[in-house]
Amino acid sequence: MAGNDWVNGYLEAILDVGPGLDDAKSSSSLLLRERGRFSPTRYFVEEVITRYDETDLHRSWVRAAATARSAEERNTRLENMCWRIWNLARKKKQLEGEEAQRTASRRLEREMGRREATEDMSEDLSEGESRDAVGDILAHSDSFRGGRMRRVNSMDVMDNVMENWAAHQKEKKFYIVLISLHGLIRGENMELGRDSDTGGQVKYVVELARALGSMPGVYRVDLLTRQVSAPDVDWSYGEPTEMLNPVNSDNPQEELGESSGAYIVRIPFGPKDKYIPKELLWPHIPEFVDGALNHIIQLSKALGEQIGGGEQVWPVAIHGHYADAGDSAALLSGALNVPMLFTGHSLGRDKLEQLLKQGRQSREEINTTYKIMRRIEAEELSLDSSEIVITSTRQEIDSQWNLYDGFDPILERKLRARIKRGVSCHGRFMPRTVVIPPGMEFHHIIPPADGDADGEGERNDDSSANPDLPIWSEIMRFFTNPRKPMILLLARADPKKNITTLVKAFGECRPLRDLANLTLIMGNRDDIDEMSSTNASVLLSILKLIDRYDLYGHVAYPKHHKQSDVPDIYRLAAKTKGVFINPAFIEPFGLTLIEAAAHGLPIVATKNGGPVDIHRVLDNGLLIDPHDQQSIADALLNLVSDKHLWARCRHNGLKNIHLFSWPQHCKTYLTRITSCKPRQPQWRRTAAEFDSSGSDSSPGDSLRDIKDISLNLKLSMSMDGEKLEGAGSLDNALENDAAEGKVKEENVDVTMSKGALEGSQKAGATDREDNAGAGKFPALRKRKHVFVIAVDCDTTSEFCEIVEKVIETVTKEKYAGPIVFIMATSYSISEIQSLLVTGGLSPSQFDGFICSSGGELYYPSSSCEDSPSGLPFVVDLDYRSHTEYRWGGEGLRKTLVRWVASFNEKKGDGLVAADESGTTKHCYAFTVKDPASIYPVKELRKILRIQALRCNVVYSQNGTRLKVIPVLASRSQALRYLYVRWGLDLSNIVAFVGELGDTDYEGLLGGVHKTVILKGVGTSSRKLHANRNFPLEHVLPVDSPNVVQSEGCSDEDIRSSLVKLKIIKG
């Protein structure tokens, strides 16, 4: 209602504080009945305001009601407010009920999945599995005593430990990649608190990169982030590279190489000249991945020349921070076949639950605002892909990661026990969760004098009253009596930081106001009107509370501070014998608590989250319930009034703080990395060998020559619909290969006939020049333009027509260099052969075939006159090994067969059946008779994730085919593999897709490659995308210059699209 904005604030306050309206006391109801009529005014006062015991709300309402022109107007406003409260309370209860049902359903699904997984793993490991990994929270310490971290009492002891560790790491030269995408990141003068995206995570990743770059055994660290060249941010965020100056490096200068050290590398992606919040970055993630991939490949070559003896030096690990970077790290890890690490910082499922509990927004509204389901799916993919998940606290594992389909702590312990005993896990994988608390830089901290351990020396220091530092003067000007102890808060103006409750606690506790001052450092601001609506609302609420309690002269809230001022702010609070407070509703870790302890400040912190673990180690303060205003006031009053308690907390904090140093953190970090199984791109033949073998069409590139130089690519072809040799049914394959625990490669590969092999050898022996030969695929490196036909059509005839039309149109034009055609489809190689024959197409028109939705990659070999079919193919075994990571193999196949049997029993016999002709080593294929009856992709992924089976599930051909392939295999990832393997320039790739397509459709649209959307193609597959975790709009790049839509499929339409993309001239 216009003019009644204050009503909304009251409604939110009511929903925040007390029990539901249905708990009214019987006496109040009796009073209403006795009156004989309904009075909205009395009902509101007695049943709502009085019951919620919210005196502020009542006092504000009385003032507002007094301004009404008449009693009738006051009653009308009361009645409207009453019914709105009733409606919102009912809505909140409904949302809570729905969420409770979802939680119960999720718990049941997890228990069933765990039971099925345990049945498969039938060996008796009860003793090993029941043994928990005690002490992960203190994993960065060398020893434990009584379940607590060993305390280091001096830096000398720590230095000795680090020297011994460094001696063992001296010869290693690691290259490590960190990724943190959102916010504004730079090495100096970080603008922490500038907005909700530039917070503690920015400080964490910068300091981690700098610390790792100074560690023995680490040669290079790259922190990849977004390049921002917007007019409303500093120019430094647009610099492509920034070196992070090391702090007290242990590496002598003469040992440093040309490219060694730690760097911030900014990759351009997303809207140019515009700084956007993290919720809007999702459509641009593929563009970042392609840019980062290019940087890593170029740098690995440079490092190879410097320290690798000419061999490329690949990253030893790629570490994603937050969901968006985790999604990126998973794609990069898959493209490069290197280990991935992940740190969530703040998790989507936990945030979703917290928002739903508030009852103010529905799930759909939350998803629209925060893109929360896209974020959750990115976190699930990170679990699928990560070797190690690093957390700051044990609480994060038990209470937050436990909410995810892809993580089960009980099943993790079972799998870990089996691995230790060398027992098969039947294709199941779970990332290892490791607790490594963040470190801290101590170089800028001035250690308190020994004589000032009780703080008395600082209290008598005249500098507290007459400060020399500008930031001290900026704070002190707010206070009437600056000598009083300072209660310090360092947090941005965000509702979850709970600052308003702190101000209320301070304002309503007269003894606390008399004894202490309150300093609120809430980021930087120029004008409240220029702040985000959420932050501005919190700040305005704080200012109103200061006015309500008349706290002028008692509270400081400076507008500006630099990052370099923060240590001085801590020092000022310590000089006044003050206290640091973090009253957040939930704090994932609480790095500021460690910083405060290092400066000699006792702490008061929330009992929800990481502060519990910090307090357990430091024992330097009190924990409070953030919802209990009185608890906050009592804890602060105890510390500022009891000098012995204050001195003891200060002493404990200073004594134990070095357990949180960055060197100790990095030591544990690097130890965990080295425990991962090394993975990197490995080829059966190097690029140099291909370059030395001759020109593109050299007779030496024949199949015979490739075999002679041990390329070891398996030659294969499919013979006129012939069944896989020796394959039989999936069940028979399981029985035949149970001893080996996997499907034999020869049982799933399409095998080249003897005649085809002889024919190809004959072609090579006679030195016949043949551009369609198998030697053609190394020449992919030489191609200037690559055209990928990835349309998902309703019929095979339509598919063949579009393929022919695209080839015909493209080949008419003139280009600066040779061109390549690649087919990317859900069809198997045998189905592709049939399509080529039916459509009158030749395999020699293509340079590659991405088959089975990205599960397999083939190249055409020489056509053979003596072959029964004349269509041999070469399967890229390097691609198979590249995508082997976490492929469940026979364990996965067995689970799928069991699921199909169970589904058919419930829904109808024969609805889902194994597709033997479409099944290969890295693709399990099934046919679906009734797509409307089968689970959507998100549900099938959930079923498999709950059982710790990591794979990519794709519905194709309007839902009539189901493909299960390796988790990091896809059509888009296959294109990135071709870039890594053959050096194809991704920016020179043009992909032709339909308006819609298979369930992996969106992966083909983003990135630096160009995309032509053929209007009217694939629209019947819309039903495949109707039941998604998140709408396509949340991942499709809008207004991207790399994406154009044609008006149709005619020659002129296709040509016009290529002109718009500047591939050809108009």
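Positions within a chain are numbered from 1, following the residues in the order the chain's sequence is written. The predicted nature of this model means local features are confined to residues of pLDDT at least 70 and side-chain atom pairs, given and counted, to a pLDDT of 80 or more, with totals for whole chains, interfaces and linings taken over all residues. Each side-chain value is derived from all of the structure's non-hydrogen atoms; neither hydrogens nor water enter the calculation.

Asks: I keep staring at the overall build of the protein and nothing clicks. Help me out?
Replies: For the protein, the count of helices and strands is 38 helices and 29 strands. Expressed as a percentage of the 1066 residues in the protein, the buried residues total 58%. Residue contacts are counted whenever heavy atoms from the two residues lie within 4.5 Å of one another. Counting only contacts in the protein whose residues sit at least 6 apart along the sequence, the fraction spanning at least 24 positions is 75%. What sets the accessible areas is the Shrake-Rupley method with a 1.4 Å probe; for residues, cover comes only from the shown protein chains. For the protein, the exposed area adds up to about 43400 Å²; of that, 48% sits on carbon and sulfur atoms. Put simply, DSSP H or I for four residues or longer makes a helix, DSSP E for two residues or longer makes a strand, and each gets a number counted from the N terminus. Partly exposed residues are those whose accessible area sits between 20% and 50% of the maximum for their type, while under 20% is buried and over 50% is exposed, using a 1.4 Å probe and protein chains only.

Asks: Hey, could you run me through the environment of Leu-352 in this one?
Replies: Mapped onto the fold, Leu-352 is located in helix α11 (residues 348-358). Taking the C-alpha atoms as reference points, Leu-352 and Tyr-370, 18 residues apart in sequence, are found 9.4 Å from one another. Once residues lying within four places of it in the same chain are set aside, the contact partners of Leu-352 are Arg-363, Ile-366, Ile-372, Met-373 and Ile-376.

Asks: I would appreciate a short explanation of helix α22 (residues 591-598) in the present structure.
Replies: Quick reminder: α-helices carry 3.6 residues per turn. Residues three or four places apart thus point the same way. Most of α22 is tucked away, with 8 of its 8 residues classed as buried. Where α22 is concerned, the buried positions are Leu-591, Thr-592, Leu-593, Ile-594, Glu-595, Ala-596, Ala-597 and Ala-598. Positioned one or two residues after α22, Gly-600 has a phi angle of 85°, which is positive.

Asks: Help me understand the sheet that holds strand β12 (residues 517-521), please; the structure alone is not making it clear to me.
Replies: Backbone-to-backbone hydrogen bonds pair the strands of a sheet. The strands run either parallel or antiparallel. Ordered by their spatial adjacency, 6 strands build an open sheet running β13-β12-β11-β14-β15-β16, and the pairing between neighbours is parallel. Each edge of the sheet is formed by a strand with only one pairing partner; in this case those strands are β13 (555-556) and β16 (621-624). Pairing of strand β14 (residues 579-582) with strand β15 (residues 603-606) involves 3 bridges; the strand directions are parallel. Following the sheet pairing, Phe-580 is matched in β15 by Ile-603. In the packing of helix α21 (residues 566-575) onto the sheet, contacts are made with β11 (486-490), β12 and β14, and the angle to β11 comes to roughly 155°. Helix axes are fitted only over the stretch in contact, all axes being lines through C-alpha atoms; the angle between N-to-C directions runs from 0 to 180 degrees. Lying on the sheet, α22 is in contact with β11, β14 and β15; it crosses β14 at an angle near 175°. Any two strands are treated as partners once DSSP identifies two or more bridges connecting them.

Asks: Hey, could you run me through the sheet that holds strand β26 (residues 961-966) in this one?
Replies: The sheet built from 4 strands is open, its strands ordered β23-β24-β26-β25 with antiparallel pairing. Single-partner strands in this sheet number two, and they are β23 (912-914) and β25 (951-956). The sheet shows a mean angle of 25° between the axes of neighbouring strands, direction not considered. As paired elements, β25 and β26 share 6 bridges and run antiparallel to each other. What sits directly across from Asn-952, in β26, is Ile-965.

Asks: Please explain the packing of helix α24 (residues 629-641) against helix α25 (residues 643-656) as it appears in this structure.
Replies: Helix packing for two helices is described by the angle between their axes and how far apart those axes are. Remark: α24 packs on α25, axes separated minimally by 5 Å, with the N-to-C direction vectors making an angle of 95°. Put simply, α24 runs roughly perpendicular to α25. Counting all contacts with α24, which are made through Asn-638, Leu-639 and Ser-641, the residues of α25 involved are Lys-643, Leu-645, Trp-646 and Cys-649. Asp, Glu, Lys and Arg are counted as charged, while Ala, Val, Leu, Ile, Met, Phe, Trp, Tyr, Cys and Pro are counted as nonpolar; the rest, among them Gly, fall into the polar class. Class assignment of the residues belonging to the contact of α24 with α25 gives a composition of 4 nonpolar, 2 polar and 1 charged. Roughly parallel means an angle under 35 degrees; roughly antiparallel, over 145; roughly perpendicular, 65 to 115; everything else is oblique.

Asks: Explain the state of the cysteines to me, please; I cannot follow it from the model alone.
Replies: Defined simply, a disulfide is a covalent bond joining two cysteines at their sulfur atoms. Defined by distance alone, a disulfide is two cysteine sulfur atoms within 2.5 Å. Evaluated as defined, the whole model comprises 0 disulfides. A disulfide-free cysteine, Cys-800 has its sulfur positioned 8.9 Å from the sulfur of Cys-793, the nearest such atom.

Asks: How should I be thinking about the environment of Tyr-552 in this particular structure?
Replies: Note on placement: Tyr-552 falls in the loop between α20 (533-548) and β13. Sequence separation between Tyr-552 and Phe-479 is 73 residues, and the spatial gap between their C-alpha atoms is 7.8 Å. Residues within four places of Tyr-552 in sequence aside, it is in contact with Ile-546, Asp-547 and Tyr-557.

Asks: Honestly, α25 in this entry has me stumped. Any pointers?
Replies: Helix span, as expected, comes to 1.5 Å for every residue beyond the first. The end-to-end C-alpha distance of α25, which contains 14 residues, comes to 20 Å, matching closely the 20 Å that a straight helix rising 1.5 Å per residue would cover. Among the residues of α25, those classed as buried are Leu-645, Trp-646, Ala-647, Cys-649, Arg-650, Asn-652, Gly-653 and Asn-656. Any N or O atom pair separated by 3.5 Å or less is treated as a polar contact, with the protein-specific requirement of one donor-capable and one acceptor-capable atom, and with residues adjacent in sequence counted only for side-chain atom pairs. N-capping of α25 is provided by Asp-642, with a side-chain oxygen placed 3.1 Å from the backbone N of His-644.

Asks: Got a minute to help me understand the packing of aromatic side chains in this structure?
Replies: Any aromatic ring pair is given by two values, namely how distant the centres are and how the planes are angled relative to each other. The aromatic pairing rule takes the rings of Phe, Tyr and Trp, using the six-membered ring of Trp, and pairs them if the centres are within 6.5 Å, calling planes under 30 degrees apart stacked, those over 60 edge-to-face and the rest tilted. Taken as a whole, this structure holds 18 aromatic pairs when the rule is applied. Considering the side-chain rings of Tyr-204 and Trp-662, the 5.7 Å spacing of their centres and the 55° angle between planes classify their relative orientation as tilted. Linking Tyr-204 in helix α8 (residues 200-213) with Trp-662 in helix α26 (residues 662-675), this pair joins segments that are 458 residues apart in sequence. Residue Trp-662 is classed as buried on the basis of its relative accessible area, which comes to 2%.

Asks: For this particular structure, what's the right way to read the pairing of strand β8 (residues 340-343)?
Replies: The side chains of a regular strand alternate, first on one face of the sheet and then on the other. Burial along β8 is two-sided: Met-340 and Phe-342 facing one way and Leu-341 and Thr-343 facing the other are all buried. Where strand β7 (residues 317-321) meets β8, 4 bridges bridge the pair, whose relative direction is parallel. Bridge pairing in β8 places Gly-320 opposite Phe-342. A clockwise path from the first strand over the helix to the second, with the strands pointing away from the viewer, defines a right-handed crossover. On the question of chirality, the crossover connecting β7 to the parallel β8 by way of helix α10 (residues 322-336) is right-handed. Here β8 pairs with strand β9 (residues 388-391) via 2 bridges, running parallel. Within β9, the position partnered with Phe-342 by the bridge is Val-389.

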